[in-house]
Amino acid sequence: VSVDGSPWFSMREGLDRLQQKGHEVVVVAPEVSLHVKPSENFVMKMYPVPYTKEEMDNTFKAYFNITFEEGSFFERFFKVVEATKRFTDFCFSSC
């Protein structure tokens with residue numbers, strides 16, 4: 001299950017506590033991610049994905065920039081739908 005983004009911050013806290021209690025924690029993550037980074041508190045196993053960090057960052061920025069665009073409700077709605085599809089394609093391809 002892809003947990004990059006805000007779910008990672010909640011999960012990270014739990015992983016840190018497990019490590020403090022003596023558990024060995026292994027995190028399996030795509031080699032390109034928004035927030036999942038190596039740490040001394042867990043072993044990191046990474047796997048390749050079919051996109052670059054730059055592609056993911058550009059899609060993520062475009063997704064949020066739509067919020068500030070002008071236009072009718074329907075124009076913005078359809079842009080958000082299309083941007084959401086592009087962004088979720090990254091999530092699905094990393095699973």
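Procedures and definitions
Residues numbered from 1 in each chain as written. Predicted model: local features only at pLDDT ≥ 70, side-chain atom pairs only at ≥ 80, totals over all residues. Heavy atoms only, no water. Domains from an automatic or database assignment. Contact = heavy atoms within 4.5 Å. Buried area = accessible area lost by both parts, 1.4 Å probe. Salt bridge = Lys/Arg side-chain N within 4 Å of Asp/Glu carboxyl O. Polar contact = N/O pair within 3.5 Å; in protein donor to acceptor, adjacent residues only side chain to side chain. Nonpolar A, V, L, I, M, F, W, Y, C, P; charged D, E, K, R; others polar. Patch = residues over 30% accessible without salt bridge, like charges linked within 9 Å, V, L, I, M, F, W, Y side chains within 5 Å. Areas by Shrake-Rupley, 256 points an atom, 1.4 Å probe, with all protein chains shown as cover. Helix = DSSP H or I, 4+ residues; strand = E, 2+ residues; numbered from the N terminus. Buried < 20%, exposed > 50% of the residue type's maximum accessible area, 1.4 Å probe, protein only.

**Thoughts on the domain arrangement of the chain**
At step 1: Taken domain by domain, the chain holds domain 1 (6-47) and domain 2 (53-94).
At step 2: A separation of 27 Å is found between the C-alpha centroids of domain 1 and domain 2.
At step 3: The partner domain 2 presents 6 residues to the 5 residues of domain 1 that form the contact.
At step 4: Of the roughly 470 Å² buried where domain 1 meets domain 2, counting both sides, 71% is carbon and sulfur surface.
At step 5: By the criterion of area lost to domain 2, the three top residues of domain 1 are V32, L34 and Y47, representing 79% of everything that side buries.
At step 6: Taken together, domain 1 and domain 2 are joined by 0 salt bridges.
At step 7: At the junction of domain 1 with domain 2, the criterion picks out 0 residue pairs in polar contact (both at pLDDT 80 or more).
At step 8: Split by residue class, the side of domain 1 that touches domain 2 holds 4 nonpolar, 1 polar and no charged.

**What to know about a nonpolar patch on the surface**
At step 1: On the surface, a cluster of nonpolar side chains totalling about 560 Å² of accessible area is made up of F73, F74, F77, F78 and V81.
At step 2: In this structure, V81 sits in helix 3 (residues 73-94).
At step 3: On the basis of relative accessible area, V81 is assigned to the partly exposed category, the value being 42%.

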